[in-house]
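A look at the structure
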Amino acid sequence: ESRGGDSSSSFANSVMGFALAMVACLWAFDGWADVAFLGEELANPKFAMPVVVLVSVATVALLFLLVNIAYMMVLTVDTMESSHALAIDFAHRIGGGTLAGVFAFGVAVSALGSANGSILTGGRVFFAAARDGRFPSILAKLGQTSRAPYAAL
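Here the structure is a predicted model, which means the values were calculated and not measured.

1. Describing the side chain of Ser 83
Locating Ser 83 in the fold gives a position in the loop between helix H4 (77-82) and helix H5 (86-131). Given the relative accessible area of 18%, Ser 83 is considered buried. Looking at Ser 83, its side chain comes within polar contact range of the main-chain nitrogen of Ala 85, at 3.1 Å.

2. With respect to the packing of aromatic side chains
One pass over the structure, following the stated rule, counts three aromatic pairs. The interplanar angle of 65° and the centroid separation of 5.2 Å between the aromatic rings of Tyr 71 and Phe 90 together place this pair among those described as edge-to-face. Taken together, the residues Tyr 71 in helix H3 (residues 45-74) and Phe 90 in helix H5 connect sequence positions 19 residues apart. Given a relative accessible area of 10%, Phe 90 falls into the buried group.

3. A look at unusual backbone geometry
Of note in the backbone geometry, Arg 147 takes a positive phi value of approximately 60° without being a glycine. Locating Arg 147 in the fold gives a position in the segment after H5. By relative accessible area, which is 53% here, Arg 147 ends up exposed.

4. A short note on the confidence of the model for the protein chain
In the predicted model, the protein chain carries a mean pLDDT of 85, and the fraction of residues at 70 or more is 92%. For the protein chain, the element scoring lowest by mean pLDDT is helix H2 (residues 31-37), at 72; H4 scores highest, at 92.

5. Notes on the pattern of salt bridges
The final tally for this structure, using the stated rule, is one salt bridge. Here Arg 131 makes a salt bridge to Asp 132, at a shortest N to O gap of 3.8 Å.

6. Quick look at the packing of H3 against H5
Any two packed helices are characterised by the angle at which their axes cross and by the distance between the axes. Viewed as axis vectors pointing N to C, H3 and H5 meet at an angle of 55°, and their least axial separation amounts to 10 Å. One finds that H3 runs oblique with respect to H5. H5 is crossed by H3, and the crossing has left-handed handedness. Facing Ala 70, Tyr 71 and Val 74 of H3, the residues of H5 in contact are Leu 86, Ala 87, Phe 90, Arg 93 and Ile 94. Looking at the contact of H3 with H5 residue by residue, the class counts come to seven nonpolar, no polar and one charged.

7. Topic: H3
Between its first and last C-alpha atoms H3 spans 42 Å; for 30 residues at 1.5 Å apiece the expected length is 44 Å, and the two agree. For H3, the complete set of buried residues consists of Ala 48, Met 49 and Tyr 71.

What counts as what
- Residues numbered from 1 in each chain as written.
- Predicted model: local features only at pLDDT ≥ 70, side-chain atom pairs only at ≥ 80, totals over all residues.
- Heavy atoms only, no water.
- Helix = DSSP H or I, 4+ residues; strand = E, 2+ residues; numbered from the N terminus.
- Buried < 20%, exposed > 50% of the residue type's maximum accessible area, 1.4 Å probe, protein only.
- Polar contact = N/O pair within 3.5 Å; in protein donor to acceptor, adjacent residues only side chain to side chain.
- Phe/Tyr/Trp six-rings, centres within 6.5 Å; stacked < 30°, edge-to-face > 60°.
- pLDDT = per-residue confidence, 0-100.
- Salt bridge = Lys/Arg side-chain N within 4 Å of Asp/Glu carboxyl O.
- Axes fitted to C-alpha atoms, helices over the stretch in contact; angles between N-to-C directions.
- Parallel < 35°, antiparallel > 145°, perpendicular 65-115°, else oblique.
- Left-handed = near helix turned anticlockwise from the far one by under 90°.
- Contact = heavy atoms within 4.5 Å.
- Nonpolar A, V, L, I, M, F, W, Y, C, P; charged D, E, K, R; others polar.
- Expected span 1.5 Å × (residues − 1).

Structure representation (structure tokens):
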């Protein structure tokens, strides 16, 4: 291949790598956006909403910073560059296979919890739109005992 082909291939890989990294970053911080969907359920949203958003985003950012510092203290740059599952490689290094299994389980539970939160909060948008007459009224139905918008979920 010519150098031009290598260059464009390298550029495409860089763009794809950046795009995948952005998806991971945006997914990690997705919760702050979901909080807004629950605003009408807060007792004092003008006070509580800014506090919830600021505290939660700061907490997640601090945790990510600390985790990344731990990775850099334990793993080599080569290991981090070639890793397909950084948390698992980290766990292997500090505690062996058992800890790696615990980390894998924790990552799976975290991902499922995030997806669950997005599903449960996202349905509130359809519920509110249906309640205001902008979506089919069936989406505004609430459960008799739970008062949850089951049809919108």
